[in-house]
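Secondary and tertiary structure notes
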Amino acid sequence: MPYVNLLEDRETPLQKPTATDHWPEEGISRVPYWIYSDPANYKREQEKVFGGPHWNYVALSCELPNPGDFKRSYVGDKPVVIVKDENGKFYVFENRCAHRGVQFCRERLGNTKRFVCPYHQWSYDLSGDLIGVPFRRGVKGQGGMPENFDRKAHGLRQLSVAERNGVLFASFADKPSTIEAYLGERMLGYFNRVFDGRELQVLGYQRQDIPANWKLMFENIKDPYHASLLHVFLVTFGLFRADQPSAVHMDDYGRHACLISSKGDQKATTATKDMENLKTDLILNDDRLLDPKREFPGTATVVMQTLWPNLIVQQQSNTLAMRHIVPQGPNKFRLDWTFFGYKNDDEEMVRRRLRQANLMGAAGFVSADDSEVMKFSQEGVVPYQRDEGIMEMGGLGTSEEEHMVTESAIRGFYGYYRKVMGLF
Amino acid sequence: MSREELLLLRIEVQDFLDSYGAAIDAGDWDKFLACFATDAEYQIISRENFDQGFPLATVRCESRKMLRDRVFGVEETMMYEPRFTRHIISGVRIDPSEDHLKAIANYCVFETIVDQETKILQVGRYDANLIQEESGFVFTKLHCIFDSVIVPNSLIYPI
Ligand SMILES: [Fe+2]
């Protein structure tokens with residue numbers, strides 16, 4: 001190791017410790033590594049991405065069947081509460097007392113007539129309006145709130161709410177577009193495929209804390225290139241493989257996308273020679289684990305939809321789940337899974353969904369590969385803030401493709417991300 | 001059953017559970033699979049789902065064959081960081097009154113990933129049904145009901 005006197009090496013000026021505003025010249029075929037861990041960039045994302053004029057997934061309406069039902073959820077990293085009032089109307093407000101900021105709602109799911117902050121007992125009705133302030137008039141003529149204290153001005157901060165076929169979204173924007181316009185015609189078609197108006201039924205939850213930046217989760221589900229290579233289980237059993245009919249579709253902005261594929265046979269073809277991990281001689285000991293039954297129109301057997309900024313709708317065979325991305329600082333996110341089916345599913349279909357859930361979630365034959373690899377990504381990029389990743393598979397553009405050998409949807413995502421974040 | 005017989009049976013169940021945990025910690029999957037009856041039902045399910053009656057499990061196996069598929073996934077198809085586990089099993093309670101032997105125990109499973117400090121992977125309770133076969137006890141049911149719904153990153157090995 002040659003000796004270098006750093007103190008005397010003043011030829012090159014010291015660079016800024018963080019690069020918060022620079023995107024590589026090549027554009028969206030590159031992603032700079034500082035965006036995965038820069039604290040200032042993370043703060044800006046909370047404001048522009050999750051706090052911006054976008055619809056964030058918060059809950060399924062079947063989780064709140066009765067008046068007074070509520071659920072804790074998140075918009076970005078901001079805790080919110082979703083409530084159904086006496087008239088069946090949904091409200092979403094911040095889980096933060098208007099008085100001193102206490103996160104008052106501590107139950108995941110529940111039913112109530114009103115919300116009372118435990119600290120000073122300020123109380124709110126189901127629409128988030130402030131209805132009670134103890135000692136407002138003082139005690140024995142002493143203390144109390146000022147005469148001009150206006151209860152109406154101190155309710156819980158409201159978010160806009162939209163519901164579409166059993167799925168609830170919220171937005172910090174005052175007048176966001178309709179959810180239908182937000183999804184766009186193409187993405188709405190895929191959304192309606194799963195949410196066709198039938199009543200939904202929750203089968204259960206899973207939650208994982210993944211030590212990686214939240215954007216890596218989105219990239220992962222917009223990246224069909226990796227699925228044929230990383231996921232031995234998927235390729236082995238023909239569930240998702242580069243030589244099967246497949247497509248990458250997007251909305252007009254590149255912010256939402258779908259990876260679409262059709263199940264193929266378990267066999268080797270010329271296209272599988274690059275898949276080192278492919279094992280064609282494997283069979284399941286208990287084939288009930290994978291016993292897919294066609295239930296959606298069309299030939300696709302898997303549609304993974306990513307909806308900006310925080311939702312993945314998973315339809316792999318008969319396993320359906322909402323994957324809600326909750327950022328927790330730049331280096332960690334929570335993945336909140338709600339597995340569901342339809343209220344009119346017969347017992348056999350429910351069992352099928354529950355068995356196939358073995359592929360997904362924290363211990364999923366498929367998705368555990370992803371949570372592991374996202375940690376590796378984060379650990380790989382954090383020490384190299386000034387370097388960048390390359391995404392040139394399938395060209396440099398963001399066009400829709402009728403194959404899966406492409407990183408087009410990731411480029412589309414970053415194209416929109418740069419616009420929202422003002423990163424040029 | 002006399003008090004002595006009951007005490008002895010509890011120690012035998014504790015022994016069985018300890019050797020079950022040790023098989024996982026050693027990565028001895030044949031020994032692990034041998035702990036189950038052919039039609040055994042195995043689940044790793046969060047307390048949140050279990051208590052609210054949601055049927056979704058994080059791992060669900062409905063037979064020893066399906067458990068074999070899970071082991072096969074762990075050994076052959078899944079990609080994960082090298083790690084090992086350590087089981088601490090205690091508080092064994094048994095109820096032999098039914099036609100099968102019912103056992104409940106607490107578990108704490110630690111996980112050590114290469115180059116990282118040891119962490120708690122999962123804390124919960126075993127809810128098991130056992131029968132006696134020639135080789136000893138086997139599970140006809142094992143539910144691992146874990147207390148915190150949050151899984152630290154991934155769950156790779158059985159609990
Ligand atoms: Fe993946």
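Below is a summary of the structure that appears in this document. This is a predicted model, so every value here is computed, not measured. Note that residues are indexed from 1 along each chain, following the sequence as it is written. Here the convention is simple: chains get letters from A, ligands get numbers from 1, in the order in which they are written. Only residues with pLDDT of 70 or above have their local features reported here, since the model is predicted, and side-chain atom pairs are shown and tallied only from 80 upward, although totals for entire chains, interfaces and linings are computed over all residues. Side-chain numbers here rest on the full set of heavy atoms in the structure, without hydrogens or water.

**Points about the pattern of salt bridges**
As a working rule, side chains carrying opposite charge can pair if their charged atoms are close by. Residues and elements named next belong to chain A. Salt bridge, as used here, is a side-chain nitrogen of Lys or Arg placed within 4 Å of a carboxyl oxygen of Asp or Glu. In this structure the tally under the stated criterion is 33 salt bridges over all chains. The partner of Arg96 in a salt bridge is Glu94, and the shortest N-O contact between them spans 2.5 Å. Residue burial is assigned from relative accessible area. The probe radius is 1.4 Å, only protein chains are included, and a residue is buried under 20% of its type maximum, exposed over 50%, and partly exposed in between. Under the relative-accessibility criterion, Arg96 is labelled partly exposed at 42%. Here Arg186 makes a salt bridge to Glu400, at a shortest N to O gap of 2.7 Å. Here the residue Arg186 occupies a position in helix H2 (residues 179–194), and Glu400 occupies one in the loop between strand E19 (388–390) and helix H8 (408–421), the gap between them amounting to 214 residues. Judged by its relative accessible area of 39%, Arg186 is partly exposed. Helix and strand definitions here come from DSSP, where helices need a minimum of 4 consecutive H or I residues and strands a minimum of 2 consecutive E residues; each element is numbered from the N-terminal end.

**Structural notes on a nonpolar patch on the surface**
Residue and element names in this part refer to chain A. The patches described consist of residues with a relative accessible area above 30% and no salt bridge, like charges being joined within 9 Å and nonpolar side chains (Val, Leu, Ile, Met, Phe, Trp, Tyr) within 5 Å. Per-residue and other accessible areas follow the Shrake-Rupley method at a 1.4 Å probe size, with only the shown protein chains counted as cover for residues. On the surface, Tyr225, Leu229 and Val405 cluster together into a nonpolar patch covering about 220 Å² of accessible area. Mapped onto the secondary structure, Tyr225 falls in helix H4 (residues 224–230). In this structure Tyr225 comes out as partly exposed when scored by relative accessible area, which is 32%.

**Describing the interface of chain B and chain A**
Contacts were defined at the residue level, with two residues in contact if any of their heavy atoms lie within 4.5 Å. Of the residues lining the interface, 37 residues belong to chain B; the matching set on chain A comes to 41 residues. Each of two parts loses accessible area, computed with a 1.4 Å probe, when they are put together; buried area is these two losses added. Contact between chain B and chain A buries roughly 3400 Å² in total, counting both sides, with carbon and sulfur atoms accounting for 54%. If you sort the residues of chain B by the area they bury against chain A, Leu56(B), Met79(B) and Asn153(B) come out on top, with a joint share of 21%. Connecting chain B to chain A are seven salt bridges. In this structure, the salt-bridge partner of Arg108(A) is Glu48(B), at a minimum N-O distance of 3.9 Å. Polar contacts here mean pairs of N or O atoms no more than 3.5 Å apart (in protein, one a potential hydrogen donor and the other a potential acceptor; neighbouring residues in sequence count only if both atoms are side-chain atoms). Across the contact surface, chain B and chain A share 25 residue pairs in polar contact (both at pLDDT 80 or more). Where the side of chain B that touches chain A is concerned, the elements lending two or more residues are helix H3 (47–52), strand E2 (59–61), helix H4 (64–77) and strand E7 (150–152) of chain B. It is H4(B) that provides the largest number of residues to the side of chain B that touches chain A, a total of nine residues. Under this grouping Gly is polar, as are all residues other than the nonpolar Ala, Val, Leu, Ile, Met, Phe, Trp, Tyr, Cys and Pro and the charged Asp, Glu, Lys and Arg. Within the side of chain B that touches chain A, the residues separate by chemical class into 17 nonpolar, 10 polar and 10 charged. When strand E12 (residues 200–210) of chain A meets E7(B), the two strands line up parallel, connected through three bridges. By the bridge assignment for E7(B), Gln208(A) is matched with Val151(B). A pair of strands counts as paired when DSSP detects no fewer than two bridges linking them.

**Some points on the packing of aromatic side chains**
Each Phe, Tyr or Trp ring (for Trp, its six-membered ring) is paired with any other whose centre lies within 6.5 Å, and the angle between the two planes then decides the class: stacked below 30 degrees, edge-to-face above 60, tilted in between. Taken as a whole and judged by the stated rule, the model has 40 aromatic pairs over all chains. Ring geometry for Trp308(A) against Phe413(A): centres 5.6 Å apart, planes inclined by 55°, an arrangement best described as tilted. Residue Trp308(A) is found in the loop between strand E15 (302–307) and strand E16 (311–316), and its partner Phe413(A) is found in helix H8; the two are separated by 105 residues along the sequence. Residue class for Trp308(A) comes out buried when judged on its relative accessible area of 0%. Here the aromatic cluster, defined as three or more aromatic residues joined through ring pairs, consists of Phe16(B), Tyr20(B), Trp29(B), Phe32(B), Phe36(B), Tyr42(B), Tyr80(B), Tyr107(B), Tyr126(B), Phe137(B), Phe139(B) and Tyr157(B). Think of it as a cone above the ring: NZ of Lys or CZ of Arg counts as a charge over the ring if it is within 6 Å of the ring centre and within 35 degrees of the ring normal. Here Arg108(A) stacks its cationic end above the ring of Tyr205(A), 4.9 Å away from the centre of that ring. Positioned above the aromatic ring of Phe218(A), the side-chain terminus of Lys222(A) is 5.4 Å from the ring centre.

**Overview of the coordination of the iron ion**
Residues and elements named next belong to chain A. Bound to the iron ion are the protein donor atoms His226 (NE2), His231 (NE2), Asp370 (OD) and Asp370 (OD), situated 2.0 to 2.4 Å from the metal. Every donor counted, the four donor atoms about the iron ion form angles of 56 to 147° at the centre, which fits irregular coordination. Of note, the donors binding the iron ion are all from one chain and are spaced H-x4-H-x138-D. Of this pair, His226 sits in helix H4 while Asp370 sits in helix H7 (residues 367–381), placing them 144 residues apart in sequence. With respect to burial, His226 and Asp370 carry one shared label: buried. A donor here means any N, O or S atom no more than 2.8 Å from the metal (3.2 Å for Na, K and Ca); water is not included, so a site may seem to lack partners. Labels for metal geometry use angle windows, namely 85 to 135 degrees for all angles of a four-donor tetrahedral site, and for square planar (four donors) or octahedral (six donors) sites opposite donors over 155 degrees apart plus all others within 65 to 115; sites meeting none of these are irregular.

**As for the sheet that holds strand E5 (residues 90–94) of chain A**
All names here are of chain A. Strand order in the open sheet formed by seven strands is E2-E11-E10-E5-E4-E3-E6, with antiparallel pairing between adjacent strands. Pairing within the sheet leaves two strands with one partner each, and these edge strands are strand E2 (56–60) and strand E6 (109–111). Averaged over all neighbouring strand pairs, the angle between strand axes comes to 30°, with direction disregarded. By the bridge criterion, five bridges tie strand E10 (residues 158–164) to strand E11 (residues 167–171) in an arrangement that is antiparallel. Of the residues in E11, the one forming a bridge with Arg164 is Val167. Its contacts with the sheet place H2 against E10 and E11, and it is angled at close to 30° to E10. Angles shown run from 0 to 180 degrees and are taken between the N-to-C directions of axes, each axis being a line fitted to C-alpha atoms and, for helices, limited to the stretch in contact.

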